[in-house]
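# Coordinates in review
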Amino acid sequence: QVQLVESGGGVVQAGGSLRLSCAASGGTFSNYRMGWFRQAPGKEREFVARISRSGGITSYSDSVKGRFAISRDNAKNTMYLQMMHLKPEDTAVYYCAADPTAIPDNYRDIDYWGQGTQVTVSS
């Protein structure tokens with residue numbers, strides 16, 4: 001079992017940047033595929049980005065590619081999401097996710113979640 005805690009959310013103007021962090025404990029961090037999801041009011045939880053166990057392979061949703069960058073530091077048991085050129089439509093609660101097998105697009109198939117951190121992008 002692994003516990004996940006997100007941090008770094010806040011309120012920014014459109015065009016600004018934020019860096020989210022996800023601190024993991026209770027498991028062997030390098031054994032987990034990791035990812036970020038987000039959920040806006042009235043919408044389902046949406047895939048944002050995923051990263052392989054070593055950090056060498058990443059992928060992104062079409063809505064964020066070119067603007068967001070996922071990374072991980074296995075020595076620190078921490079995953080990050082660098083968010084740049086933020087848009088009002090990026091406003092959501094952002095969730096850290098972990099799974100020993102895969103990070104699929106469907107949030108229902110993922111084993112472990114953090115509590116979420118709010119990101120609000122103003123016009």
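In this text, all values refer to a predicted model and were calculated from it rather than measured experimentally.

What follows covers the state of the cysteines. Summed over all chains, the structure comprises one disulfide. Through a disulfide, C22 is tied to C96; the S-S separation comes to 1.9 Å. Note on the C22 and C96 pair: the S-S dihedral is about -65 degrees, so by sign convention the disulfide is left-handed. Here C22, found in strand β3 (residues 18–25), pairs with C96, found in strand β9 (residues 92–99); they are 74 residues apart in sequence, far enough to count as distant. Taken as a pair, C22 and C96 share a single burial class, namely buried.

In this section: the packing of aromatic side chains. According to the stated counting rule, one finds four aromatic pairs in the structure shown. An angle of 80 degrees between the planes, with centres 6.0 Å apart, marks the rings of Y32 and Y112 as edge-to-face. Placement of the pair is Y32 in the loop between β3 and β4 (33–39) and Y112 in strand β10 (residues 112–113), with a sequence separation of 80 residues. Take Y32: its relative accessible area is 9%, and that puts it in the buried class. When the ring of F37 is compared with that of F47, the centres are 5.7 Å apart and the planes differ by 75 degrees; the resulting orientation is edge-to-face. One end of the pair, F37, is in strand β4; the other, F47, is in strand β5 (residues 46–51), with ten residues separating them in the sequence.

Thresholds, definitions, all that
Residues numbered from 1 in each chain as written. Predicted model: local features only at pLDDT ≥ 70, side-chain atom pairs only at ≥ 80, totals over all residues. Heavy atoms only, no water. Disulfide = S-S within 2.5 Å. Helix = DSSP H or I, 4+ residues; strand = E, 2+ residues; numbered from the N terminus. Buried < 20%, exposed > 50% of the residue type's maximum accessible area, 1.4 Å probe, protein only. Phe/Tyr/Trp six-rings, centres within 6.5 Å; stacked < 30°, edge-to-face > 60°.

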